[in-house]
Every structure is written in C-alpha cells, then in structure tokens.
Amino acid sequence: MNAMDLERAKVHDADACLVLANKYCPDPDAEDAANIMRVISMKNYCEESRIIIQLMQYHNKAYLLNIPSWDWKQGDDVICLAELKLGFIAQSCLAPGFSTMMANLFAMRSFITSPDMAAWQNDYLQGTGCEMYTETLSPSFSGMTFSQASELCFVKLKLLLLAIEVKPIDGGDTKISINPQSSKMPANTVGFFIAQSAEEVKRAWFYCKACHEDVKDENLIKKCKCKHLANKTGATPATPFSAALSKPLLNIKNSVMAKEENGSKPVMNGRLVPIGPNGLVDETYGGYHISYEVKKLMPTNKPADQQKNGKMEVGIADDQAKDFDFAKTEMKYDSTGMFHWTPARSIEDCILDRNQAAMTVLNGHVVVCLFADPDSPLIGLRNLVMPLRASNFHYHELKHVVIVGAVDYLRREWKTLQNLPKISVLNGSPLSRADLRAVNVNLCDMCVILSAKVPSNDDPTLADKEAILASLNIKAMTFGDIITNIESMGDSKDALNNMGDTTVKRPGPIYGTNVPMITELVNDSNVQFLDQDDDDDPDTELYLTQPFACGTAFAVSVLDSLMSTTYFNQNALTLIRSLITGGATPELEIILAEGAGLRGGYSTPDTLSHRDRCRVGQISLSDGPLATFGEGRKYQDLFVASLRNYGMLCIGLYRLRDAALTTVDATSKRYVITNPPFDFGLLPTDQVYVLLPFERKQSRFSFSETEV
C-alpha cells in the first residue's frame, strides 16, 4: 500500500506480482477488499504491472473490473478460490475423482515410483507427474480435424492433445476449444497437451509427415531439415476454413454456419451485426467490444405501439428483437445460452420436510451436506450448482441437487440459486441420520460435505470437525429394506406408492462406506481422520494420501499451485476454468457482476449453438459398446476406438484399488490414473474419464446415461 515499499521491491521491474489470500481468515469479504486495495495501489504505482490475485469470494471478482488498468489481455488474472474449489467438487459429482485428476495436472511435480509401494500407488504416482503444456502444432497437422490430430499425437508422439486455440486472423480474441468436433485446423495452431515434460511436448512441433511417418520410436522425432523450409514458406492450409477465420467468431461451427447463411455480410459471434455510418461494424461501447449477450442488458428503444400488453420487452436490444417470435418461445436457458434457467422461485417452494423428502423418488441425485451458522460468510453455492446445470446437458440428464442444512443461512444464498432448476432444500442437520435417510443418501450419485463456518484460530485440527464427523457418520450407516427409509409416516402404504418402482433404478449400497462421497477440508492434515483403514502418516503430503488419490477429499490448499501455473502459462487457467465451471464466459461474468443474478434468454440459433461444447463424463467398461476393451485390451485401443467411433477423448482411468474384486461395485474404493501409458492393460471393472461431445439428439445408447 506504500509507494516507497513498492519502489524498494522494484515492482516496476517485476515480471509479475502475486497477491495471496489468507484462506483461514475470519472475514473473507474483508480479506478480498484489502487485497483488491493492494492491487489498486500497485496499479496506481505502475499500471503495466502484471498482477495475479487470489480472491476468496466469487462476487468480489466484479470489483476488479472497475480498476481502469486491469487488463486480462496483458496477463492480469484472478484465481477465485470459491469458484474453483466448488467447481472441482461439482465436476466430481459428474465424474468421481475428477477433482484429484485436475488438481494433480496443475501441481508441478515429478514422480518416483518404487517397488516397495503397492501397485496402485505406482499407477497413481505416474499420473501425478503429468502436467499441462502448450505447444504450436507443426505444419503437418494443417487441415486435420481435431480427432485426427489427437489420435496422431497419442499413437505416434505419445502425447495427449486436449484442446486447441482458435485465433482469428484479424486480431480478435482467441478462444480455447476443448475436443472440438469436425473442424479443420489451420497452420500454427496452438495445442494444449497433457504430458510428463516440456521436452516431450516439443515432438508436436518437430513432427514432420515426410520424415517421421515411419518412425516407430517417439524419442527419435527430432527437428528435421524440412522444418526450416516450412518456416520460410509460411505454410498455410489450403482449406476453406482459412477463409472463415477472417471473422471474429465465438467458435468454429458458428463461423461455418454464418458463412453459409449470410454470405459476405459482417458477422460477429455468429450473428449479423449493424454497420456504422463510416461503413465499419458498430459493436463497441466505451471502447469495449460488446457481444450479443451483453447487449441484452442494454435498454431498448421501442415505440409504445410495439409493446405487448402495455409492458416493455426488457433486455432484448432492438436489432435482436426482430429475429424471433416471442410468443412461440419460452426461456429455457440463461441469456448466454451456457446454462439451464428457470423463472425465479422462492425458497419456500423448494423446502421439503422429512416426510416430503422421503416420499420423493430421489435416485441418482446429489446430496449437499452443508454446515453453516445463520451469520456464516457466504461460500457461493451457485459455483457448485451452475456446472451441474450447464446447457450441454439435456434437461432430463440434470442431477437433482438436495441441500441438507440450515434454511436461515440458505435464505442468504438463495438469490444466486433461485433461477437454477431442480434444487430442493431440507431444513435439517447433516449429522442427523433420519434426515440423511429421508433424502436417500444411499441412492445418491454423490454426497458433498461442505462447511461455511469460520475456523477458529485456537486449534487448526478442529477446523474440520463437522465435516469429518458427518463423513464418518454416513460411513457408519447401514441401509436395509426400503420401508426403513420412511420414518414417522402416517400411511406407509401411500408412501410406498409415491416412491415409484425402484426396481428399475440401480440398487443402493447396503453400507455407508460405499456411498460416493467428497469432503472439503480446511486443514490438509485432517485427511488422516477420514479413512480408518488407511495407514497414511500424519505428515504425508495431501496428494499422496489415500482419500485424495481416491477423490474422496479435497482441500483448498491444492489451488495454491495454480498461481505458479498461471504465471508460467496463462492459457492453462483459462482451460481449467472452462472445464471446471461448465462454460462460464467473460460475458457471463459481466452479467453476474450486475448483481441481478442469471437472466433468462430466448433461444436463438446463436445461443443454442453454445450448447455444442464438450463436457466431463465417466464411462464404465463393464457394459455398453466399450465393454470389449475391458477384457485385457490396451489403453491405446480404447483411446483410438472412442475417438473414432464416438468423438470421445479419454483422459484417464478410475480403477478399483483392490484388483482382486471382480464384481462391479461402482462405489468400492477406486483411485485415479491420469493419462495412463499407451500399453496400459485395462480391466472390466475400470471406469474411463472422457470429454464427451454434445449429443444433439439422444441416440439409442447415450453415454450420458451409462451407469457408472
């Protein structure tokens, strides 16, 4: 805060300034406010300084946008702990263990396997050595589809290509496309890889079709003489796609559609745009580019005779209002088209008592056990629910979210949740077995244990006492006949009728130890109390402990290493954020910064096209079309077949810790294997982490409905 101190620290010469938050502070908002003031002070001293800041609360991100010299294009970035922590946990509800895989990817570690360790530990440790890298793809990849390039990288170069950067020629903002479908790549495309070292990733730049096509050993792929020739001639792909790149488009598919439909008319984000008096595209406001989503926030200028029922159509700018018929459209998605949306409901409409919860057919849902006092700081539950409401799910695929906790606290959070569908609240205690039975915790797809309480400074071990007690309580429960799930019911016959036919649903585990669970910890060392049957030393690093390797524990401390990852590679944070948040965009952040919450939007071809993005999933090898690969085949066979036949990108395995278990029990202890080697043997009980493309129409066999 003192200019003299900034001078002494030579902030003006620094490559970057990192501002760390105190994660154990009693007042997160005050901590964020103080750190934002530090940023203002540094920017005031030297506005060119690159600053990476940690914030506790998501809603405080908006204040950074108010700093005139804050510019993410110059490398300024914000790591919001609440957003990423809850986003990681949300993705674990869709693919158990995914939080561990992602956390290990951005933690810079090398691994050492040992014959003294159990086989599962060596498999897991090999994955922890993987990191995320970016590298320009060689000219040999020009004109390939992403699937072809990803297959070549994996089979020949032994690299996992996750995403590519789409860069408009006219200098528009670049966009990261994860596992894009059926789009050709231009020359010098930047790829995002998972690999063990930067040295390995250079193969993608050195690869030359002419020189290396017959090379069997990936280590022999080195720089060749053709590379200089390619650089001098400035090779560009002779594909129609290079012409489409001349427009600043949100994604590749929009560019193709817009080119076909609109000919030579100017297009932005896949839409026709107005022309200014000077013949240029008029799409700026105060020097900022305005997308379609943000324009919806701007007032309309409709004359009175165009108003319906005497009311103004709020939020649709004039040039969009004529695109579609309001009467025939209903709002199903938010204004950006990235999330499912519903008209605001009061919390009273969503509160269940124990009897109502027991009578509701809850199966395959997400139970959130939330410990909070009425005055606890808000943790931003929206960041947990929004990724589960991403628009690349069909509505029937959305998992019902049941929050078990104090309603007094949830009333304060509700403003940010009221527009998200399929949420129920049980006013109870996560430590009450009756409440847990009422919400069918044994039939849930994931039980998330969170605490909003401020940890006391007296004893750090006690910071997680509620979360640990709740976790051990569920593990100690047993679940028998369905009638035991219905407590204090007047007419049990009626209740059974309301439960529906549960025989078609997957049977729940009998013991609480098999309930899929993820517990958030404040203090890393408390992980030793979560598993009674592990032999972890209390001083073991979190990533080496069994609960973390199995994906059943998550601590906010793992996000610290994201600061250094962002410093070295800003794009890595963008990729992680888009994977974790379900598709939050800068436009959406501007809308949420308004403080009015998610806005509904009418479905237009533009917003509907935003549904077409991949998402995280988990596929079982015990049944379905991939079952044959579980019978002793190699990981490379599975990778190639999944990519060619289904457009799915395999990124890891979730394997039973005890390989002697031959029966499939989806909730027995498993561990995460990130990006296994190509010759890794598969088992029928394995589950595969995949990046699934969006299915426009539900096929006869839908991977999103596969039992896992």
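Residues numbered from 1 in each chain as written. Predicted model: local features only at pLDDT ≥ 70, side-chain atom pairs only at ≥ 80, totals over all residues. Heavy atoms only, no water.

*Asks:* Give me the overall build of the protein: which residues, what numbers.
*Replies:* Within the protein, the secondary structure is distributed over 28 helices and 24 strands. Within the protein, buried positions represent 56% of all 708 residues. Accessible area of the protein: about 31,000 Å², with a carbon and sulfur share of 53%. (Helix = DSSP H or I, 4+ residues; strand = E, 2+ residues; numbered from the N terminus. Buried < 20%, exposed > 50% of the residue type's maximum accessible area, 1.4 Å probe, protein only. Areas by Shrake-Rupley, 256 points an atom, 1.4 Å probe, with all protein chains shown as cover.)

*Asks:* Residue-level account of the nonpolar core, with values.
*Replies:* Ranked by size, the top nonpolar core spans 142 residues in total, and within it Phe141 and Leu450 carry the most contacts. Among the elements that make up this core, the one with the highest residue count is helix H4 (residues 81-94) (nine residues). Ranked by size, the runner-up nonpolar core spans 23 residues in total, among them Phe371, Val402, Leu436 and Ala470. (Core = buried A, V, L, I, M, F, W, Y, C linked by side-chain atoms within 4.5 Å.)

*Asks:* For the environment of serine 69, give the residues involved together with the corresponding values.
*Replies:* Inspection of the secondary structure assignment puts serine 69 in the loop between helix H3 (61-64) and strand E3 (77-80). Looking at serine 69, the relative accessible area reads 19%, which means it is buried. A C-alpha to C-alpha distance of 5.8 Å links serine 69 and glutamate 47, two positions 22 residues apart in sequence.

*Asks:* Could you give an account of helix H24 (residues 561-568), with specific residues and numbers?
*Replies:* Because each turn of an α-helix spans 3.6 residues, side chains separated by three or four positions end up pointing in the same direction. Along H24, the positions that sit buried rather than exposed are Leu562, Met563, Thr565 and Thr566. Within H24, the buried residues cover an arc of 165° as seen down the axis, which keeps them to one side. Structurally, H24 contributes buried residues whose contacts are with strand E1 (17-19), strand E2 (51-55), E3, H4, helix H5 (98-106) and helix H25 (570-581). (Arc of directions from axis to C-beta. Contact = heavy atoms within 4.5 Å.)

*Asks:* Talk me through the confidence of the model for the protein; I want residue IDs and the actual numbers.
*Replies:* Residues at a pLDDT of 70 or more form 75% of the protein, whose mean pLDDT is 77. Scored below 50 in pLDDT, residues 228-328 shows 152 contacts in the model against residues more than four places distant or in partner chains. Note on residues 482-505: pLDDT under 50 across the span, and 31 contacts to partners over four residues away in sequence or across chains. (pLDDT = per-residue confidence, 0-100.)

*Asks:* Explain the side chain of serine 376 to me, and be specific about the residues and the numbers.
*Replies:* If you trace the backbone, serine 376 turns up in the loop between strand E14 (366-371) and helix H18 (382-385). In this structure serine 376 comes out as buried when scored by relative accessible area, which is 4%. There is a polar contact of 2.8 Å between the side chain of serine 376 and the backbone nitrogen of aspartate 373. Leave out the neighbours within four places in its chain, and serine 376 touches Tyr409, Arg412, Ala452 and Lys453. (Polar contact = N/O pair within 3.5 Å; in protein donor to acceptor, adjacent residues only side chain to side chain.)

*Asks:* Go over the side chain of asparagine 392, please, and point to the residues and values.
*Replies:* Summarising the element assignment, asparagine 392 is placed in the loop between H18 and strand E15 (401-405). Among the polar contacts listed, one links the side chain of asparagine 392 to the backbone oxygen of arginine 613, at a separation of 3.3 Å. In this structure, asparagine 392 is in contact with Arg611, Arg613, Cys614, Arg615 and Phe694, ignoring residues within four places of it in sequence.

*Asks:* A description of the packing of H4 against H5 should follow, citing residues and the corresponding values.
*Replies:* One can describe the packing of H4 onto H5 by two numbers: an axis separation of 7 Å at closest approach and a directional angle of 135°. The orientation of H4 relative to H5 falls into the category oblique. On H5, the residues touching Phe88, Gln91 and Ser92 of H4 are Phe98, Ser99, Met102, Ala103 and Phe106. (Axes fitted to C-alpha atoms, helices over the stretch in contact; angles between N-to-C directions. Parallel < 35°, antiparallel > 145°, perpendicular 65-115°, else oblique.)

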